[in-house]
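Listed here are the chains, written in short residue letters.
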Amino acid sequence: RTEAEEAAKRTTARAALSRIEAALTAGGVLDPALADLKGAGIEVPQALAEQGQGVPTLDALRAAFPPAARGALAASLAESAGGSLWDRTLGFLRTQSGARSLTPREGADPDAVLSRAEAALAASDLGAAIGEIGTLPADGQARMAEWVALAKRRIAATSAAAALAAEVK
């Protein structure tokens, strides 16, 4: 009987993990699957328990990036504009147009940094995207802070789910 109960708990835990992975991919509430894990005697990592109502999906992060990047670019350009009238005019025109590079570029200017961050996001490498954003001027980083927080939530949840999956198997 004990063996059957343990097998049932492992089956419940595996099913809950599958639902968690589906919710992480497609978006959805984690609470029911987390409750099943707890019921099976599995300790739920804090990074998952805190996000029972859902974790930002990669698609949602990709959709939120362009408007955040435009704001960050405008703030970064304003902060890093040179002192000459020509530099300020170019910065103003770039800010007003909202134009930014969509393919990864080399360089340390805010547009190049954001282009590499977006390329990392397209490759599903949130850590690299966050790392690139960390090199923006302070005002640009502030404009990206909400997006970075969402990306960090996703990283924490997916890492916790992977560790949990390794433990349950």
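In case you missed it, the structure is sitting above this.
Reference entry: report on the structure contained in this document.

Conventions adopted
- Sequence order as written defines residue numbering, which begins from 1 separately in each chain.
- In keeping with the predicted nature of the model, local features appear solely for residues at pLDDT of at least 70, side-chain atom pairs appear and are counted solely at 80 or more, and the whole-chain, interface and lining totals rest on all residues.
- Hydrogens and waters are ignored; side-chain quantities use all the structure's heavy atoms.
- Nonpolar cores are built from buried Ala, Val, Leu, Ile, Met, Phe, Trp, Tyr and Cys residues. Side-chain atoms within 4.5 Å join them into one set.
- Here the term buried applies to any residue with accessible area under 20% of the maximum for its type, exposed to any over 50%, and partly exposed to those in between, with areas from a 1.4 Å probe on protein chains only.
- The helix and strand labels rest on DSSP assignments: H or I over at least four residues marks a helix, E over at least two residues marks a strand, and numbering proceeds from the N terminus.
- Any two of the Phe, Tyr and Trp rings considered here, Trp counted by its six-membered ring, make a pair once their centres fall within 6.5 Å; the pair's planes then place it as stacked at under 30 degrees, edge-to-face at over 60, or tilted in between.

## A closer look at the nonpolar core
Membership of the largest hydrophobic core comes to 22 residues, with the highest contact counts inside it found for Phe65, Leu114, Leu126, Ile133, Leu136, Met144 and Trp147. Mapped onto this core, the elements with two or more residues apiece are α4 (58–80), α6 (110–122), α7 (126–133) and α8 (138–168). Take this core: its biggest share by element is eight residues, from α4. Ranked by size, the runner-up nonpolar core spans 21 residues in total, among them Ile20, Leu24, Leu34 and Val168.

## Some thoughts on the packing of aromatic side chains
Following the criterion strictly, the structure yields one aromatic pair and no others. Between Phe65 and Trp147 the ring centres are 5.2 Å apart and the planes differ by 80 degrees, which places this aromatic pair in the edge-to-face class. Within this pair, whereas Phe65 is found in helix α4, its partner Trp147 is found in helix α8, the two being separated by 82 residues in sequence. In this structure, Phe65 and Trp147 share a single accessibility class: buried.

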